[in-house]
Each structure stands twice: as structure tokens, then as C-alpha cells.
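# Tertiary structure, described
One-letter residues, chain by chain:
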Amino acid sequence: MQLQSLSQWEDRFEKWLTEQDHADAAHDINHIKRVVKTARQLAKAEGADLAVVIPAAWLHDCVAVAKDDPRRSCASSMAAEKAGQLLNHWGYPDEHIPAITHGIEAHSYSADIECQTLEAQIVQDADRMDALGAIGVARTIMVGTALGNPLTYNEDPFCYDRKADDKLAMVDHFYTKLLHLKDRFHTKSAKHEAHKRHQFMLDFLQQLEQEVAE
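What follows concerns helix α7 (residues 133-147). Taking 1.5 Å per residue, 15 residues should reach 21 Å; α7 reaches 21 Å between its end C-alpha atoms and fits that length. Those residues of α7 lying buried are Gly133, Gly136, Val137, Arg139, Thr140, Val143 and Gly144. Projected down its long axis, α7 shows its buried positions confined to an angular sector of 170 degrees, all on one face. For α7, the exposed residues set more than 90 degrees away from the buried face come down to Thr145 and Ala146. At the exit of α7 stands Gly148, carrying a positive phi of roughly 80 degrees.

Right, let's talk about the side chain of Asp125 for a bit. Structurally, the position occupied by Asp125 is in helix α6 (residues 118-129). Of the polar contacts made by the side chain of Asp125, one reaches the side chain of Thr187; its length is 2.9 Å. Sequence-distant contacts of Asp125, that is, excluding residues within four places in its chain, are made with Leu42, Arg184, Phe185, His186, Thr187 and Ala190.

Glancing now at the packing of α7 against helix α9 (residues 188-212). Following both chains from N to C, one finds α7 and α9 inclined at 55 degrees, their axes separated by 7 Å at the closest point. Compared by their axis directions, α7 and α9 come out oblique. Judged by residue contacts, Gly133, Ala134, Ile135 and Val137 of α7 engage Arg197, Phe200, Met201 and Phe204 from α9. Taken together, the residues of the contact of α7 with α9 sort by class into six nonpolar, one polar and one charged.

So, about the side chain of His198. Considering the arrangement of structural elements, one finds His198 in helix α9. Residue classification places His198 among the buried positions, given a relative accessible area of 8%. Contacts of His198, omitting those with residues within four sequence positions, involve Leu179 and Lys182.

Turning to α9, a few remarks are in order. Here α9 spans 37 Å end to end across 25 residues, near enough to the 36 Å set by a 1.5 Å rise per residue. Where α9 is buried, its residues contact α2 (29-46), α6, α7 and α8 (172-176).

For side chains bearing opposite charge, pairing can occur when the charged atoms are close. For the structure shown, the criterion picks out nine salt bridges. The salt bridge partner of Asp130 is Arg34, with a shortest N-O separation of 2.8 Å. With a gap of 96 residues between them, Asp130 in the loop between α6 and α7 and Arg34 in helix α2 connect regions that are remote in the sequence. Residue Arg34 is classed as partly exposed on the basis of its relative accessible area of 28%. When its relative accessible area of 5% is taken as the criterion, Asp130 is described as buried. Connected through shared salt-bridge partners, Arg34, Asp130 and Arg139 make up one network.

Core analysis: the largest hydrophobic core is formed by 52 residues, its most contacted members being Val53, Trp58, Leu87, Tyr92 and Ile104. Of all elements in the fold, only α1 (3-18), α2, α3 (50-59), α4 (75-90), α5 (97-106), α6 and α9 reach the threshold of two or more residues within this core. Top contributing element to this core by residue count: α3, with nine residues. Leave out the neighbours within four places in its chain, and Val53 touches Ala39, Ala43, Ala48, Glu119, Ile122 and Val123.

This next bit is on unusual backbone geometry. Positive phi, normally seen in glycine, also occurs at Asp156, with a value near 50 degrees. Inspection of the secondary structure puts Asp156 in the loop between α7 and α8. Although it is not a glycine, Cys159 adopts a positive phi angle of roughly 60 degrees. For Cys159, the location among the structural elements is in the loop between α7 and α8. When its relative accessible area of 14% is taken as the criterion, Cys159 is described as buried.

What counts as what
- Residues numbered from 1 in each chain as written.
- Predicted model: local features only at pLDDT ≥ 70, side-chain atom pairs only at ≥ 80, totals over all residues.
- Heavy atoms only, no water.
- Helix = DSSP H or I, 4+ residues; strand = E, 2+ residues; numbered from the N terminus.
- Expected span 1.5 Å × (residues − 1).
- Buried < 20%, exposed > 50% of the residue type's maximum accessible area, 1.4 Å probe, protein only.
- Arc of directions from axis to C-beta.
- Polar contact = N/O pair within 3.5 Å; in protein donor to acceptor, adjacent residues only side chain to side chain.
- Contact = heavy atoms within 4.5 Å.
- Axes fitted to C-alpha atoms, helices over the stretch in contact; angles between N-to-C directions.
- Parallel < 35°, antiparallel > 145°, perpendicular 65-115°, else oblique.
- Nonpolar A, V, L, I, M, F, W, Y, C, P; charged D, E, K, R; others polar.
- Salt bridge = Lys/Arg side-chain N within 4 Å of Asp/Glu carboxyl O.
- Core = buried A, V, L, I, M, F, W, Y, C linked by side-chain atoms within 4.5 Å.

All we've got here are geometric facts, nothing functional implied.
What follows is the structure, encoded as C-alpha cells:
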């Protein structure tokens, strides 16, 4: 597929997505655009098929499922099914759709589906990258605020002597998920950036602990 033609498809994806509801402020159109940007960079660096990576990145959250919804672990499968229906309806080239839907289904951390292609690895890496660094800190606070969680739990706020539980506080989410991500990236390009963003989060937590210490 020519890049000019792919660009026209991207206009359609973006137009459709701006008309949809989103699960929360951390999974809005701006999150999707960041994932697309990162996915494009990784795909070019790794030699992946943009005709698969770009639609999968645009449509990876095309079904809105809130973080506290019991269907959350199925969200990526629901999005993959919806994306396949949309792409078929819009007339996207059939030969790419199975790889696109696999990339969407496998992108989710909670679904824990193994990536079978380089393109799926890139979509997963791009989405996970948006959970790290400064944007990862900001999105954690956005979701935690929407759920009504406090910033820190009043007992052992930085989880030294208790098991982290991100239903109790926003900071717990770093210990249940975010600090475990840096070693779960696939591509060389993503691993390098993930380690830098991981260090930023460690620095943030250290500074936060100093500021809230009694």
C-alpha cells in the first residue's frame, strides 16, 4: 500500500474516532495519536509493515471499556472484532485485516495474549510506552481521579510492607503494573526508550515520597 493511500485511511480512522466515546480521559484521541506516532517510529526503525501497524494503532481502543468494568480483560478482543468489522465495511485491503486484528487483540497488558508477529509487537510496545514516563504519571493520576482513588494509601503509602493494590490508591498502580513494564518490551528501539521513562517514574516516586513524608 502506498504511503499516500495510507494517509487517506488515517484521515478516515481519526474522523471516526473523534465521533466516538472513550473509556476515560487517559484513553482519549490524544492517547491514540501518541500510540500511532510511536508505532510509526518503531515500525520504520524495525522494518515492519505500516499497512498493518498503523490501522492497528489507530483502532486499538476502538471499543470503550472503563478500567473498573468487569469486561476490561476482554476489551482488546472486543476492539479487534469491532476493528475487523469496520475495516471490512470500509473496504480496507482484506489481506491485512487478520494481522491488524491480531495486533489489536494482543496489545493489551491485561489480556496477556502472545504477539505472533513483529507488527503486533510494535503495537503492543507503542501502547505500553504511553504508560511510562511523564505521560504515564499523568495518565495514572487521570484514571485514579476518575475512579475516586486517593493519591496514596494512608498505611505504608509506598508499599514497603504490604502488597500493592491499585484499587486503594493511585501510587499503588506503579507497583502493580507500571514498574514491571520496562522488561516487557519487544523491539530494541522501544526497550531503550522504556528504560529512560522507567527511570523518570522512579525519580518521581522518590521525590513524591520525600514530599509526603511526615
